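The residues making up each chain are set out below.
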Amino acid sequence: MKKIVILTGAGISAESGLGTFRDEGGLWAQHRIEDVATPEGFARNPDLVHHFYNARRVQAQQARPNAAHEALARLQSASDGEVILVTQNVDDLHERAGSQNVIHMHGALSGALCASCDARWRAPLKMNRDSICPKCAAHSARPDIVWFGEMPYQMDEIYHHLREADLFAAIGTSGNVYPAAGFVQDATQFGAGTIELNLEPSATVSAFAQTSFGKATDTVPAWVESLL
Ligand code: NAD
């Protein structure tokens, strides 16, 4: 296998204690997407948005990578070919498991972004409406997270990898958020094999050639063993 492109979603971090989008009672369930994950929501109530991401940043820092993150890091280091990891997750559990060059298409909790001048810097554990941009000194610091209505990061690079992929795998993602949900169709068109590893069938399950259902900590290590 020369090139494997892997897309991960919130489901891979669920067993590390980070709630998925749809978890009942989880952080996401307590807030409306329009309030905490859109530029309009941030403009309306920056305190609420900072409070939400501060809580997620603390939670992510306390979480530990699980067997699924570790298996993917093993695949990256032991594979003969290239293994490209694209994540929709804003936590850093792939990196802490040892993965290299992770593409964070929806940004990262560890990053801060100036809404005025686009400067980027490492986010402190807690941000607030008084956080100042170190470059232009504007009071317009925001989490470096891609919100709904914004363009995901590194899309040209991702499509370049999808065009070259021999195998595309989607792990722990519900297939509801585009453009990531469309990668399986793109990869298929470009001639790659496809596999979904998820707790339950995603919205795009019918587009995958192969599936493996169960907890990520069971299915991902088993899949990685089968490849190595
Ligand atoms: P999602 O919540 O929509 O879907 C999660 C998927 O994971 C579901 O299909 C579910 O069946 C599956 N799942 C749940 N537990 C699992 C387990 N133990 N093993 C395997 N699969 C499991 O998440 P999404 O598709 O990533 O998209 C939602 C958006 O929310 C993304 O943009 C993402 O950036 C954001 N998000 C990120 C995090 C994080 O960084 N940890 C957490 C929540 C949401």
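Above this text is the structure in question.
Source: prediction; values computed, not measured.

(A) Layout of unusual backbone geometry. Residues Tyr178 and Pro179 are joined by a peptide bond in cis, for which omega reads 10 degrees. Structurally, Pro179 can be placed in the loop between strand S7 (167-171) and helix H8 (183-189). At Asn101, a residue that is not glycine, the phi angle is positive and equals roughly 50 degrees. Here Asn101 is to be found in the loop between helix H6 (93-96) and strand S3 (103-104). Of note, Gln154 is a non-glycine position whose phi angle comes to about 55 degrees, a positive value. With respect to the helices and strands, the residue Gln154 is situated in the loop between strand S6 (141-145) and helix H7 (155-164). Gln154 gets classed as partly exposed once you look at its relative accessible area, which sits at 36%.

(B) Geometry of the environment of Ala43. Assignment of secondary structure puts Ala43 in helix H3 (residues 39-44). By relative accessible area, Ala43 is classed as exposed at 64%. Separated by 42 residues in the primary sequence, Ala43 and Leu85 have C-alpha atoms spaced 32 Å apart.

(C) Local environment of the sheet that holds strand S2 (residues 82-87). Across the sheet, 6 strands lie side by side as S3-S2-S1-S7-S8-S9; this open sheet has parallel pairing. The open sheet has two edge strands with one neighbour each: S3 and strand S9 (210-213). Here strand S1 (residues 3-8) pairs with S7 via 5 bridges, running parallel. Its bridge partner lying in S7, Ile4 is registered against Leu167. Sheet contacts for H7: S1, S2, S3 and S7; angle to S1, the most-contacted strand, approximately 130 degrees.

(D) Structural view of the site of the ligand. Neighbouring the ligand are 27 residues, the closest being Phe21, Arg22, Gln88, Thr173 and Ser174. Taking Ser174, its side chain carries an N or O atom lying 2.6 Å from an oxygen atom of the ligand. Between Asn198 and the ligand, the recorded distance is 2.9 Å, taken from a side-chain N or O atom to an oxygen atom. Look at the ligand: alone it shows 850 Å² of surface, and the protein chains cover 92% of it. When residues in the shell around the ligand are grouped by element, the largest group, 3 residues, is from helix H1 (residues 11-14). Class assignment for the residues of the shell around the ligand results in 8 nonpolar, 13 polar and 6 charged. Residues lining the shell around the ligand come from more than one domain, with at least three contributed by each of domain 1 (1-15 + 65-106 + 152-228) and domain 2 (19-62 + 107-145).

Analysis parameters
- Residues numbered from 1 in each chain as written.
- Predicted model: local features only at pLDDT ≥ 70, side-chain atom pairs only at ≥ 80, totals over all residues.
- Heavy atoms only, no water.
- Helix = DSSP H or I, 4+ residues; strand = E, 2+ residues; numbered from the N terminus.
- Buried < 20%, exposed > 50% of the residue type's maximum accessible area, 1.4 Å probe, protein only.
- Pairing = 2+ DSSP bridges.
- Contact = heavy atoms within 4.5 Å.
- Axes fitted to C-alpha atoms, helices over the stretch in contact; angles between N-to-C directions.
- Near = heavy atom within 4 Å.
- Polar contact = N/O pair within 3.5 Å; in protein donor to acceptor, adjacent residues only side chain to side chain.
- Areas by Shrake-Rupley, 256 points an atom, 1.4 Å probe, with all protein chains shown as cover.
- Nonpolar A, V, L, I, M, F, W, Y, C, P; charged D, E, K, R; others polar.
- Domains from an automatic or database assignment.

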